[in-house]
Amino acid sequence: MDCFLVLFSCPPPFPEEMASMIDLWQKHDDDWAASKGTINRGEWGHFTGVAVHQDYLSRGIARNLYEANIKLLKNKGYKGALAENVSAFSARAAEAAGATLVSYQEYATYEYPAGSGKFPLAIVKPPHVTFQLREVKF
């Protein structure tokens, strides 16, 4: 199986309608990065999304993608990897590949902008009810 890894220094581009998701994503990324102190290029992998076509679900493909990329990063001397999971499926695959939960946010309770009384991500339906950051340390 051929696998590839795309690294971003921030969340990938989203349309303006997704400003609340960008804010949520950036907050968790910033908090995680602050907990690590100085991070140098080539120390941490950053998985921003894993998706499998619906015709191929429940075959372990997402888990295998995580595992192959984790092995690649480990062999390249990285310290670990961070997985940003916006769906229950990618979170389950990351967990199965050994990633542990470091932070999460329920979509229904994420207020954006802060103090506005608005919860734009409450429209996200189960089973995708949380944003999660998961980490694998080598």
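Reading the values: rules and limits
- Residues numbered from 1 in each chain as written.
- Predicted model: local features only at pLDDT ≥ 70, side-chain atom pairs only at ≥ 80, totals over all residues.
- Heavy atoms only, no water.
- Helix = DSSP H or I, 4+ residues; strand = E, 2+ residues; numbered from the N terminus.
- Buried < 20%, exposed > 50% of the residue type's maximum accessible area, 1.4 Å probe, protein only.
- Contact = heavy atoms within 4.5 Å.
- Phe/Tyr/Trp six-rings, centres within 6.5 Å; stacked < 30°, edge-to-face > 60°.

Draft legend 1. Summary view of the overall build of the protein chain. Regarding its fold elements, the protein chain presents three helices and four strands. The helix and strand sequence of the protein chain, counted from the amino end, reads α-β-α-β-α-β-β. Within the protein chain, the fraction of its 138 residues that count as buried is 36%. Sequence separation of 24 or more characterises 74% of the internal contacts of the protein chain that already satisfy a separation of 6 or more.

Draft legend 2. Structural context of the packing of aromatic side chains. The full count for this structure, using the stated rule, is three aromatic pairs. With a centroid separation of 6.4 Å and an interplanar angle of 45 degrees, the aromatic rings of Trp25 and Phe131 are classed as tilted. Of the two residues, Trp25 sits in helix α1 (residues 19-36) while Phe131 sits in strand β4 (residues 130-137), which places them 106 residues apart along the sequence. For the ring pair Trp32 and Trp44, a centre distance of 5.2 Å and an interplane angle of 85 degrees mean the geometry is edge-to-face. Taken together, the residues span a long stretch of sequence, with Trp32 in helix α1 and Trp44 in strand β1 (residues 44-47) at a distance of twelve residues. Residue Trp44 is classed as buried on the basis of its relative accessible area of 14%.

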